Structures are given as C-alpha cells and as structure tokens.
Amino acid sequence: MSYLITLLAVFLLLSGLFLYADARGRYDLIDSAWGPGFAVIAVVTLLFAEGEPTRQWLVTALTVVWGVRLGAHIFLRNRGKDEDPRYQDILRRAKGNPRLRMYRVYLIQAALMWIVSLPVQAAQHLSAPFGVLDWVGTGVWLVGFAFEAVGDWQLSRFRADPANKGAVMDRGLWRYTRHPNYFGDAVVWWGLYLFALHSWLAALTIIGPVVMTWLLAKGSGKPLLEKDIVVRRPGYAEYVRRTSGLVPLPPRSRVG
C-alpha cells in the first residue's frame, strides 16, 4: 500500500509544482525539485512502512540529505539566470497544447523519481537485522556523495572566477572524469540499493540505480550537457580526448 501512496504523493507534488511553474511562466523549477522529490518519497515511506527501524531511519536520512543538497545546489545555481533553453525548446516543438506537453514532462519526471527510489522504499519494509550490507551501503553512499558535492563545489568556484570565462574546468576531480557530480550521483543510488539486498524480492529493485545511471550516462545527463559544449568552449574537444566520460580514471596523454 505504501508504494501506491508514495506514487500518489510524488504525482501530486509535481502536479502542484507544474501549476506554480505555469503561473510563473518558467518551467525549469522541476530541476530544483528533482532531489527534494526523492526526499519526499523517502519520508512518506517512513510514515507507512514497518521495517527494521535503524535501516528505515538511516536510508531515509541519507536520501533526504542527498536530495536537499542537490535541490539547493541547483536552485542557487539557476537563481537570477534565464530559464534553461531546453524547456522553451519543448514548448516550441510541442504539437497541440504546449502546456499539456510540458505537464507530461513533469509527470514523466514523477514516474522516474518513483522508479529510481524503489530500493529506498523496499529497504524500509525489510525486517532483517541491520548488518554488513547496510554498513557497506552507507560507505558506498558516502563515496558517491563526496564525489558529487565536491565536484559541484569545485565547479562553482571555477565558474565564479571571471578569469575562467570560456575555459574548461579540468582541475581537481574534473581532471579524472568530465562529470564527477554525475558519477557521484550514480554511486549514491548504488549505495542505497545495497540496503535492499536483504531480500531476493527487494533485490529486484535494481531497476532504480540502473535507470539513474542510464539517465546520467546516456539519457538527459552527460549527452545533453555535452551536445554543443565544444562550440561554446573550444578546448573541450581536447578535454574529451584525454578525460574519462564518467568513471574516474587517470587522464590520457595529451594529443600532440
């Protein structure tokens, strides 16, 4: 029953957000709500699930910390800037009612949130004693969270320096992967998945981290971000040649 409740909660949340965004005429608010949406799902599940208490509270706390940090980071990053052109492009290309098309985008986001969060929901229903898998999951989560938070912080500092305008960020974690924040995001969700491995049925929620990793590596994450960045930053092509796309690896030798 709690799975249906969380599904309803996230759909109501994003429907309300859409109405607010539509009234403002700015639809990229969904980006800031992505992380907090997972936090809402985790908290709602905590209210209705009856699993092992330590696991319930820990997996909820980890999800909330990740979601709130990500939401705050994106909100502050976008504040005072023009709307992400992706959303205006969706409106321009829409056939029929453009607002209805945008609402479908919000509903798809709601469905993805619910699917990706399945390991968190399943873990909160498990009655198995808190044990090694939970500690390992916490450790993996910490690694992912560190990569994501430090990567975002390093990029924010780089962009804040006027001397770096038009330059390519290739320092710190960005020396080893073009997207340390995306890598960290994926690792966070693989860590949360480990909490669900106390049951073979709950283990089927592997679809959650798989979908999140695919979105980051092949979907709306890395490919979309890099679509035209070579045009905007001439040095990015060389950066791509020597730097891993997602998983951190030692940089390859410079070409030429």
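If you're wondering where the values come from, they're calculated on a predicted model, not measured in any experiment. (Residues numbered from 1 in each chain as written. Predicted model: local features only at pLDDT ≥ 70, side-chain atom pairs only at ≥ 80, totals over all residues. Heavy atoms only, no water.)

> Can you explain the overall build of the protein? Please cite residues and give values.
Of the regular secondary structure elements, the protein holds 13 helices and 0 strands. Counting from the amino terminus, the protein carries its helices and strands in the arrangement α-α-α-α-α-α-α-α-α-α-α-α-α. For 256 residues, the compact-globule estimate of 2.2 N^0.38 gives 18 Å, and the protein sits close to it at 19 Å. Judged by the C-alpha coordinates and their principal axes, the protein covers about 55 × 50 × 30 Å. Surface summary for the protein: the accessible area is close to 13,200 Å², and the carbon and sulfur share equals 67%. Charged side chains of the protein number 29 positive and 18 negative; the gap between the two group centres comes to 7 Å. (Helix = DSSP H or I, 4+ residues; strand = E, 2+ residues; numbered from the N terminus. Rg over C-alpha atoms; globule rule 2.2 N^0.38 Å. Areas by Shrake-Rupley, 256 points an atom, 1.4 Å probe, with all protein chains shown as cover. Lys, Arg positive; Asp, Glu negative; His and termini not counted. Charge placed at Lys NZ, Arg CZ, Asp CG, Glu CD.)

> I'd like a rundown of a nonpolar patch on the surface, residues and numbers included.
Among the surface-exposed residues, Val43, Leu47 and Phe48 lie close enough to one another that they form a single nonpolar patch of about 310 Å² accessible area. Here Phe48 is to be found in helix α2 (residues 29-48). (Patch = residues over 30% accessible without salt bridge, like charges linked within 9 Å, V, L, I, M, F, W, Y side chains within 5 Å. Salt bridge = Lys/Arg side-chain N within 4 Å of Asp/Glu carboxyl O.)

> A description of the pattern of salt bridges should follow, citing residues and the corresponding values.
The full count for this structure, using the stated rule, is 8 salt bridges. Here Arg69 makes a salt bridge to Glu148, at a shortest N to O gap of 3.6 Å. With a gap of 79 residues between them, Arg69 in helix α3 (residues 53-78) and Glu148 in helix α7 (residues 132-160) connect regions that are remote in the sequence. For the pair Arg69 and Glu148, one class covers both residues: buried. Where salt bridges share partners, they join Asp170, Glu238, Arg241 and Arg242 into one cluster. (Buried < 20%, exposed > 50% of the residue type's maximum accessible area, 1.4 Å probe, protein only.)

> Would you mind going over helix α4 (residues 85-93) in detail, with residue names and values included?
Considered for burial, the residues of α4 that qualify are Tyr87, Ile90 and Leu91. Angular distribution of buried residues about the axis of α4 spans 95 degrees; they occupy a single face of the element. Across α4 from its buried face, at more than 90 degrees, point the exposed residues Pro85 and Arg92. Lining the buried residues of α4 we find α2 and α5 (98-116). (Arc of directions from axis to C-beta. Contact = heavy atoms within 4.5 Å.)

> Give a description of the packing of aromatic side chains that names residues and reports values.
Counting across every chain of the model gives 12 aromatic pairs. Their ring planes at 85 degrees and their centres at 5.0 Å tell us that Trp34 and Phe38 sit as a pair that is edge-to-face. One end of the pair, Trp34, and the other, Phe38, are both in helix α2, 4 residues apart, so they sit about a helical turn from each other. The burial state of Trp34 is the same as that of Phe38; both residues are buried. Ring geometry for Trp66 and Trp189: centres 5.4 Å apart, planes at 90 degrees, overall edge-to-face. (Phe/Tyr/Trp six-rings, centres within 6.5 Å; stacked < 30°, edge-to-face > 60°.)

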